[in-house]
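# Fold and geometry: a report
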Amino acid sequence: MIPIMNIIMMIIMIKWRAGQTRCRNNEVSMIYSMTSAALAKPRPLARLRSLSAIAMLLVLVATIGAGGRAQATANDAEAKTIFEKFIAAQNAHDADAVKAMLLDSPSTALFARGIDTRGRDAVAARFKEYYEGTWHLEPDMSKFRVAVISNDVMQVLVPIAFTRGLPGKPPQQNIFLISQTYVQDANGWHIASILPVANTELK
């Protein structure tokens, strides 16, 4: 028969490798030490109590892992909501709605058409200029990616097909991989930067 300690450690390692938990090495060591101590006790009642405590710890580790996955899913959903709202405002040529989504900071950045624009008002004004001609965005949401930098900072990457043209000129379509940085302040999430990435393919 496989020893109980081996069974428990097998469960931990399988869950670790499968990415189902985010337990660290010290957490594994803690469980291993508790298990070893439990099996070393000659008294059945003390041994049963120790193993019960280990079982509760395993449930806690699994719960923490599930919580991490749930948080990641929530972040993805929130970032997607922000981005889709931004795209809707862009395609509606609603400069005021776009401005409301931008971070109220002099460092808020837009790099487009070779021009580095800084500040919420200036970025909103730049978009308003674009709306005078042809301007339409079609993101490829199948390649939408989110990276959580901290509790208050997220970055998204997504390829967008831009159909654009100066007033009175025929439009052209180009695909750019766009990076947006979202920052959370006291009033919620806002866009802090909008930058193109040279490589338009997400690997």
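Details of the structure are given in the entry above.
What this report covers is the structure whose coordinates are included nearby. (Residues numbered from 1 in each chain as written. Predicted model: local features only at pLDDT ≥ 70, side-chain atom pairs only at ≥ 80, totals over all residues. Heavy atoms only, no water.)

## Structural notes on the overall build of the chain
Counting secondary structure elements, the chain contains 5 helices and 7 strands. Beginning at the N terminus, the succession of helices and strands in the chain can be written as α-α-α-α-β-β-α-β-β-β-β-β. Here the chain holds 203 residues, and 34% of them are scored as buried. Of the contacts formed within the chain by residues at least 6 apart in sequence, a portion of 49% connects residues at least 24 apart. If you sum the accessible surface of the chain, you get close to 12100 Å²; carbon and sulfur atoms cover 58% of it. (Helix = DSSP H or I, 4+ residues; strand = E, 2+ residues; numbered from the N terminus. Buried < 20%, exposed > 50% of the residue type's maximum accessible area, 1.4 Å probe, protein only. Contact = heavy atoms within 4.5 Å. Areas by Shrake-Rupley, 256 points an atom, 1.4 Å probe, with all protein chains shown as cover.)

## A short note on helix H5 (residues 120-130)
For H5, the complete set of buried residues consists of Val 123, Ala 124, Phe 127 and Tyr 130. The buried residues of H5 occupy an angular sector of 110° when projected down its axis, which confines them to one face. (Arc of directions from axis to C-beta.)

## Here we look at the layout of surface pockets
Empty space within the largest pocket amounts to approximately 240 Å³. Looking at the largest pocket, it is lined by 17 residues, and the ones nearest its centre are Phe 111, Ala 112, Arg 113, Phe 162 and Ile 178. Breaking the lining of the largest pocket down by element, the ones donating at least two residues are strand E1 (109-112), strand E3 (134-139), strand E5 (153-165), strand E6 (172-185) and strand E7 (188-197). When the residues that make up the lining of the largest pocket are grouped by side-chain class, the tally is 13 nonpolar, 2 polar and 2 charged. (1 Å grid on protein atoms, 1.4 Å probe; cavity = no way out; pocket = protein on both sides within 12 Å on 5 of 7 lines; lining within 4 Å. Points joined across faces, edges and corners; volume = space filled by probe spheres on them. Nonpolar A, V, L, I, M, F, W, Y, C, P; charged D, E, K, R; others polar.)

## Looking at the packing of aromatic side chains
In total, this model carries 7 aromatic pairs according to the counting rule given. Judged by centre distance (5.7 Å) and plane angle (75°), the ring pair of Phe 162 and Phe 176 falls under edge-to-face. You can see Phe 162 sitting in strand E5 and its partner Phe 176 sitting in strand E6, a full 14 residues away along the chain. Joined through ring pairs, the aromatic side chains of Phe 86, Phe 127, Tyr 130, Trp 135, Phe 162 and Phe 176 make up one cluster. Here the guanidinium or amino end of Arg 113 rests over the ring plane of Tyr 130, the centre of that ring lying 4.2 Å away. (Phe/Tyr/Trp six-rings, centres within 6.5 Å; stacked < 30°, edge-to-face > 60°. Lys NZ or Arg CZ within 6 Å of the ring centre and 35° of its normal.)

## Let's talk about the pattern of salt bridges
Note on pairing: side chains with opposite charge can pair once their charged atoms come close. If you walk through the whole model with that rule in mind, you get 4 salt bridges. Here Asp 104 and Arg 120 are joined by a salt bridge, their closest N and O atoms 3.7 Å apart. Of this pair, Asp 104 sits in the loop between helix H4 (95-101) and E1 while Arg 120 sits in helix H5, and the two are 16 residues apart along the sequence. In this structure, Asp 116 and Arg 118 form a salt bridge, with 3.1 Å as the shortest nitrogen-oxygen distance. Taking the relative accessible area as the measure of exposure, Asp 116 reaches 45% and is therefore partly exposed. (Salt bridge = Lys/Arg side-chain N within 4 Å of Asp/Glu carboxyl O.)

## Topic: the environment of Gln 184
Here Gln 184 shows up in strand E6. What Gln 184 contacts, discounting residues up to four positions off in sequence, is Asn 151, Asp 152 and Trp 189.

## Observations regarding the nonpolar core
Core analysis: the largest hydrophobic core is formed by 30 residues, its most contacted members being Phe 86, Phe 127, Ile 160, Tyr 182, Ile 191 and Ile 194. At the level of elements, helix H3 (44-91), H4, E1, H5, E3, E5, E6 and E7 are the ones that each hand at least two residues to this core. The element that contributes the greatest number of residues to this core is H3, accounting for 6 residues. In this view, Tyr 182 contacts Ala 79, Ile 82, Phe 83, Asp 152, Val 153, Met 154, Val 156, Trp 189, His 190 and Ile 191; residues no more than four positions away in its chain are not counted. (Core = buried A, V, L, I, M, F, W, Y, C linked by side-chain atoms within 4.5 Å.)

## Points about unusual backbone geometry
The residue His 93 is not glycine, and still its phi comes out positive at about 55°. You can see His 93 is positioned in the loop between H3 and H4. Even without being a glycine, Arg 113 presents a positive backbone phi close to 55°.

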